[in-house]
Amino acid sequence: MNSYKTIKQPAREEYVINKSRFIGHACPCQTEEQALAFLKRIREEYRDATHNCYAYVIGENAGIMRYSDDGEPGGTAGLPMMEVLKARGVVNLCVVVTRYFGGVLLGAGGLVRAYSHSCALALDAAQVSIMELTQRVLFDVPYPLWDKFSYALQSLPCILERSEFQSSVDATLLIRASDLERVTQQITALSDGKIDFLPTDELFYPWPEA
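Bear in mind the structure is a predicted one, so any value in this text is a computation, not a measurement. (Residues numbered from 1 in each chain as written. Predicted model: local features only at pLDDT ≥ 70, side-chain atom pairs only at ≥ 80, totals over all residues. Heavy atoms only, no water.)

**Side note on the state of the cysteines**
Line of reasoning, step 1. This structure, assessed with the given rule, holds 0 disulfides.
Line of reasoning, step 2. Of the cysteine sulfurs around Cys-27, a residue in no disulfide, the closest is that of Cys-29, at 4.5 Å.
Line of reasoning, step 3. With relative accessibility at 14%, the residue Cys-27 sits in the buried group.
Line of reasoning, step 4. For the unlinked cysteine Cys-119, the closest cysteine sulfur is that of Cys-94, found at 9.7 Å. (Disulfide = S-S within 2.5 Å. Buried < 20%, exposed > 50% of the residue type's maximum accessible area, 1.4 Å probe, protein only.)

Right under this line is the structure:
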């Protein structure tokens with residue numbers, strides 16, 4: 001399985017222009033069923049809204065792509081939202097933009113900009129991330145080396161998932177598979193081989209977008 005770009009978490013962001021209120025909702029979805037369930041939930045929660053437009057992309061190769069204007073003029077809502085998703089290169093997610101009409105017509109161009117902007121805001125709030133093959137590694141750190149180890153982590157491409165202070169410090173790190181050799185070599189070098197480590201399990205983890 002290759003790395004792919006998606007969002008880290010569900011999120012919601014609002015935007016108001018010319019008295020129309022736009023609410024962008026983004027949610028990670030692994031299947032089309034999950035995307036449709038999310039859409040249904042938003043439609044029920046905002047059943048009094050003027051429109052609930054959506055776009056979703058499912059599959060690491062973007063095999064399923066669907067969108068809807070939900071009553072807005074053709075091509076002014078769902079398609080612009082889909083173009084934002086394609087431009088950001090994200091998959092396995094659904095974005096719904098809810099609109100409450102404020103009485104002022106925005107025109108086709110205004111609608112395109114409003115729905116695109118609301119979609120982008122929702123993506124940013126949901127934190128676009130790269131799902132990469134990651135190794136969870138347990139390090140056994142002697143107490144005299146803990147400060148040195150902690151300082152080194154600040155400049156290494158890894159995440160300290162947790163630490164347990166026992167007879168020594170058990171530190172669990174998340175390290176991209178592509179960085180594993182470099183990180184472990186540097187930790188071994190800085191400790192003169194006195195920090196033991198054990199790779200445990202592999203997983204796909206959302207790393208921040210560069």
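What follows continues from the structure just given.
**Digging into the pattern of salt bridges**
Line of reasoning, step 1. Scanning all chains against the criterion turns up 14 salt bridges.
Line of reasoning, step 2. Its salt-bridge partner being Arg-88, residue Asp-124 comes within 3.2 Å of it at the nearest N-O pair. Of the two residues, Asp-124 is situated in helix 3 (residues 107-126) and Arg-88 in helix 2 (residues 78-88); the sequence distance between them amounts to 36 residues.
Line of reasoning, step 3. Taking the shortest distance from any N to any O, the salt bridge between Asp-179 and Arg-176 comes out at 3.4 Å. (Salt bridge = Lys/Arg side-chain N within 4 Å of Asp/Glu carboxyl O. Helix = DSSP H or I, 4+ residues; strand = E, 2+ residues; numbered from the N terminus.)

**Quick word on the nonpolar core**
Line of reasoning, step 1. Ile-7, Met-81, Leu-85, Leu-93, Val-95, Tyr-115 and Leu-123 are the most contacted members of the largest nonpolar core, which totals 28 residues.
Line of reasoning, step 2. Those elements giving two or more residues to this core turn out to be strand 1 (4-7), strand 3 (20-28), strand 4 (51-58), helix 2, strand 6 (93-100), helix 3 and strand 7 (128-141).
Line of reasoning, step 3. Ranked by the residues each element gives to this core, the list is headed by helix 3, at 7 residues.
Line of reasoning, step 4. Apart from the residues within four sequence positions on either side, Ile-7 is in contact with Ala-26, Cys-27, Pro-28, Leu-93, Leu-123, Ala-126, Gln-127, Val-128 and Ser-129. (Core = buried A, V, L, I, M, F, W, Y, C linked by side-chain atoms within 4.5 Å. Contact = heavy atoms within 4.5 Å.)

**Considerations on the pairing of strand 4**
Line of reasoning, step 1. Most of strand 4 sits inside the fold, with 8 of its 8 residues counted as buried.
Line of reasoning, step 2. Judged from the 7 bridges that link them, strand 4 and strand 6 form a sheet pairing that is antiparallel. Directly across from Ala-55, in strand 6, lies its bridge partner Val-95.
Line of reasoning, step 3. By the bridge criterion, 5 bridges tie strand 4 to strand 5 (residues 64-68) in an arrangement that is antiparallel. For Tyr-54, the partnering residue across the bridge sits in strand 5 and is Ser-68.
Line of reasoning, step 4. The antiparallel pairing of strand 4 with strand 5 creates a hairpin that spans 5 residues between the two strands, and Gly-59 there sits at a positive phi of about 100°. (Pairing = 2+ DSSP bridges.)

**As for the packing of aromatic side chains**
Line of reasoning, step 1. What the rule picks out here adds up to 10 aromatic pairs.
Line of reasoning, step 2. Over the face of the ring belonging to Trp-207 we find Arg-176, whose NZ or CZ atom lies 4.1 Å from the ring centre. (Phe/Tyr/Trp six-rings, centres within 6.5 Å; stacked < 30°, edge-to-face > 60°. Lys NZ or Arg CZ within 6 Å of the ring centre and 35° of its normal.)

**A closer look at the packing of helix 2 against helix 3**
Line of reasoning, step 1. At a minimum axis distance of 8 Å, the contact between helix 2 and helix 3 shows a crossing angle of 40°. Judged by the angle between their axes, helix 2 and helix 3 are oblique. The chirality of how helix 2 crosses helix 3 is right-handed. Here helix 2 contributes Pro-80, Met-81, Val-84, Leu-85 and Arg-88 to the contact with helix 3, which in turn contributes Val-112, Tyr-115, Ser-116, Cys-119, Ala-120, Leu-123 and Asp-124.
Line of reasoning, step 2. Residues that form the contact of helix 2 with helix 3 fall into these classes: 9 nonpolar, 1 polar and 2 charged. (Axes fitted to C-alpha atoms, helices over the stretch in contact; angles between N-to-C directions. Parallel < 35°, antiparallel > 145°, perpendicular 65-115°, else oblique. Left-handed = near helix turned anticlockwise from the far one by under 90°. Nonpolar A, V, L, I, M, F, W, Y, C, P; charged D, E, K, R; others polar.)

**Topic: unusual backbone geometry**
Line of reasoning, step 1. In this model, Lys-19 sits at a positive phi of 75°, which is unusual for a non-glycine residue.
Line of reasoning, step 2. Its place among the elements puts Lys-19 in the loop between strand 2 (11-17) and strand 3.
Line of reasoning, step 3. Look at Gln-127: it is not a glycine, yet its phi comes out positive at around 65°.
Line of reasoning, step 4. On the basis of relative accessibility, which here comes to 37%, the residue Gln-127 falls in the partly exposed class.

**Details of the sheet that holds strand 5**
Strand pairing in a sheet relies on backbone hydrogen bonds. The paired strands run either parallel or antiparallel.
Line of reasoning, step 1. Taken in spatial order, the 5 strands make up an open sheet running 2-3-6-4-5, and their pairing is antiparallel. Either end of the sheet is taken by a strand with one partner, and the two such strands are strand 2 and strand 5. Adjacent strand axes in the sheet meet at a mean angle of 15° when their direction is disregarded.
Line of reasoning, step 2. Sheet topology places strand 3 next to strand 6; 8 bridges connect them, and they run antiparallel. The residue of strand 6 that forms the bridge with Ala-26 is Val-95.

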